[in-house]
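Observations on chain architecture
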Amino acid sequence: MPANLPAEARAKWIKVMEAKTPEEKIRALEEFLSAVPKHKGTENLVHWVRRRIAQLRREVEERRAKERARGGGLRIYVEKSGDIQLALIGPPMSGKSLFMRCLTNANIEPDYIPYSTTMPIPGMFIEDNVYFQVVKAPSLNLDGEGELNDIALAILRNADGALIMLDCSRDFERDFKMIVDLALNDGIYLIKPRGFVRIEKRVGMGIQVVGKVTDATYSDVVRLLNDYGIYGALIYVDGEATLSDIEDALIRNPIYKPSIAILNNAGKCADEPKLAIPTVKAELSRCELDRRGLAELIIKYMGYVRVYTKEPWSDTHSKKPFVLKAGSTVGDLAQRIHSDLYKSFKYARVWRNGVVKRVGLNYTLQDGDIVEIHA
């Protein structure tokens with residue numbers, strides 16, 4: 001994404017941000033696209049805008065079809081259930097259906113015809129009382145675009161993370177690269193970038209930057225946001241970012257989905273794969289998969305902790321943990337249990353590695369903690 005788009009293009013983007021309906025967004029995006037210079041530095045941006053226009057047009061068509069038929073149409077997301085929702089994505093015939101049959105409660109038959117699945121299929125697997133919802137997305141067409149790719153990417157965008165199904169009997173490293181590029185063109189990082197930017201618009205507070213911007217001053221950042229009509233915002237930079245990364249966050253609003261690769265037919269992987277994300281080997285035709293190892297990897301790599309609760313003066317703790325994002329506090333747990341417990345909170349006792357400690361709301365929890373809240 002290039003920084004320093006011309007003033008006309010930035011003014012057109014303000015209209016995109018102000019658009020309310022899909023029809024308004026389509027018109028505003030078309031005007032924005034006409035103002036973007038066409039050269040190598042803007043290729044990704046132009047491609048993304050055209051994809052977004054096509055997606056919005058399909059949304060409009062589906063909505064109108066539903067209004068005519070009073071229902072129907074393709075579902076592009078599955079409501080979250082359980083503790084963690086994972087999108088299962090990959091090319092056709094790579095083993096996604098076998099994975100669902102081996103690991104979850106989903107009643108599903110393998111697809112013998114590529115691209116025959118057009119609806120998301122949810123399933124659940126449980127390990128140590130943690131509920132992992134897996135949503136099988138339609139197969140990705142790695143050599144083109146289309147409605148099924150849009151549905152798969154919408155499922156991915158809604159999920160907490162991704163399981164990428166790869167087949168070692170194919171050129172799985174090429175498939176992986178193409179999947180990463182396909183998602184990135186839609187503003188979804190499957191590999192954590194060196195710098196990730198998140199922008200929260202806020203009224204009446206000016207521009208604040210938390211993190212490191214390598215190629216620009218604070219004044220440069222303020223000037224950029226002001227050019228887009230934004231005068232109040234909190235900018236979080238995870239790692240290191242450039243001014244171009246900040247402009248990308250303004251326009252595409254990219255997101256990061258932590259991902260794990262499942263290598264089916266693992267016996268055909270000649271070398272140890274180097275995919276920049278964790279891998280789990282499997283022989284799904286025989287349902288050979290370390291489900292406990294996969295569950296632990298999901299918890300740790302995707303940034304979660306399991307916290308157990310205990311009633312005051314009880315001898316035992318709960319068997320079912322609360323699954324929280326890493327960095328969560330006792331206050332976050334109290335609010336998760338009930339807002340009244342948070343409001344009337346006095347103190348908590350935390351058991352960690354056999355040591356008991358009395359703590360307050362801001363105490364950061366770790367995986368395996370046992371918490372007893374007093375109110």
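Residues numbered from 1 in each chain as written. Predicted model: local features only at pLDDT ≥ 70, side-chain atom pairs only at ≥ 80, totals over all residues. Heavy atoms only, no water.

**A short note on the side chain of Asn 149**
- Looking at the element boundaries, Asn 149 is found in helix α5 (residues 147-158).
- On the basis of relative accessible area, Asn 149 is assigned to the buried category, the value being 2%.
- Engagement of the side chain of Asn 149 in a polar contact is seen with the backbone nitrogen of Asn 141, the distance being 2.8 Å.
- Contacts of Asn 149, omitting those with residues within four sequence positions, involve Ser 139, Leu 140, Asn 141, Gly 144 and Leu 182. (Helix = DSSP H or I, 4+ residues; strand = E, 2+ residues; numbered from the N terminus. Buried < 20%, exposed > 50% of the residue type's maximum accessible area, 1.4 Å probe, protein only. Polar contact = N/O pair within 3.5 Å; in protein donor to acceptor, adjacent residues only side chain to side chain. Contact = heavy atoms within 4.5 Å.)

**Here we look at the sheet that holds strand β7 (residues 207-213)**
- The three strands are arranged β6-β8-β7 in an open sheet whose pairing can be described as mixed. Two strands bound the open sheet, and with one partner strand each, they are β6 (195-201) and β7. For this sheet, the mean inter-axis angle between neighbouring strands, taken without regard to orientation, is 0°.
- Pairing geometry for β6 and strand β8 (residues 233-241), over seven bridges, is antiparallel. Paired with Glu 200 across the bridge in β8 is Leu 234. (Pairing = 2+ DSSP bridges. Axes fitted to C-alpha atoms, helices over the stretch in contact; angles between N-to-C directions.)

**A word on the layout of surface pockets**
- Considering only enclosed or pocket space, the largest pocket measures out at about 750 Å³ in volume.
- Lining the largest pocket we find 29 residues, and of these Trp 48, Arg 52, Gln 55, Arg 157 and Arg 252 sit closest to its centre.
- Elements with a contribution of two residues or more to the lining of the largest pocket: α1 (7-18), α2 (22-35), α3 (43-69), α5, β6 and α8 (243-251).
- Top contributing element to the lining of the largest pocket by residue count: α3, with seven residues.
- Its residues assigned to classes, the lining of the largest pocket comprises 15 nonpolar, two polar and 12 charged. (1 Å grid on protein atoms, 1.4 Å probe; cavity = no way out; pocket = protein on both sides within 12 Å on 5 of 7 lines; lining within 4 Å. Points joined across faces, edges and corners; volume = space filled by probe spheres on them. Nonpolar A, V, L, I, M, F, W, Y, C, P; charged D, E, K, R; others polar.)

**Quick word on the packing of aromatic side chains**
- Applying the stated criterion across every chain yields a total of four aromatic pairs.
- When the centroid spacing of 6.2 Å and the interplanar angle of 50° are considered together, the rings of Trp 13 and Trp 48 count as tilted. With Trp 13 in helix α1 and Trp 48 in helix α3, the pair connects residues that are 35 residues apart, well separated along the chain. Comparing Trp 13 with Trp 48, the two get one shared label, buried.
- Between Tyr 189 and Phe 196, the ring centres sit 6.1 Å apart and the planes meet at 85°, which makes this aromatic pair edge-to-face. Neither Tyr 189 nor Phe 196 differs from the other in exposure class; each is buried.
- Following the ring pairs from residue to residue traces out a cluster consisting of Trp 13, Phe 32 and Trp 48.
- A cation over a ring is seen here: Lys 325 above Tyr 304, with NZ or CZ 4.3 Å from the ring centre.
- Sitting above the plane of the Tyr 347 ring, Arg 358 keeps its charged end 3.6 Å from the centroid. (Phe/Tyr/Trp six-rings, centres within 6.5 Å; stacked < 30°, edge-to-face > 60°. Lys NZ or Arg CZ within 6 Å of the ring centre and 35° of its normal.)

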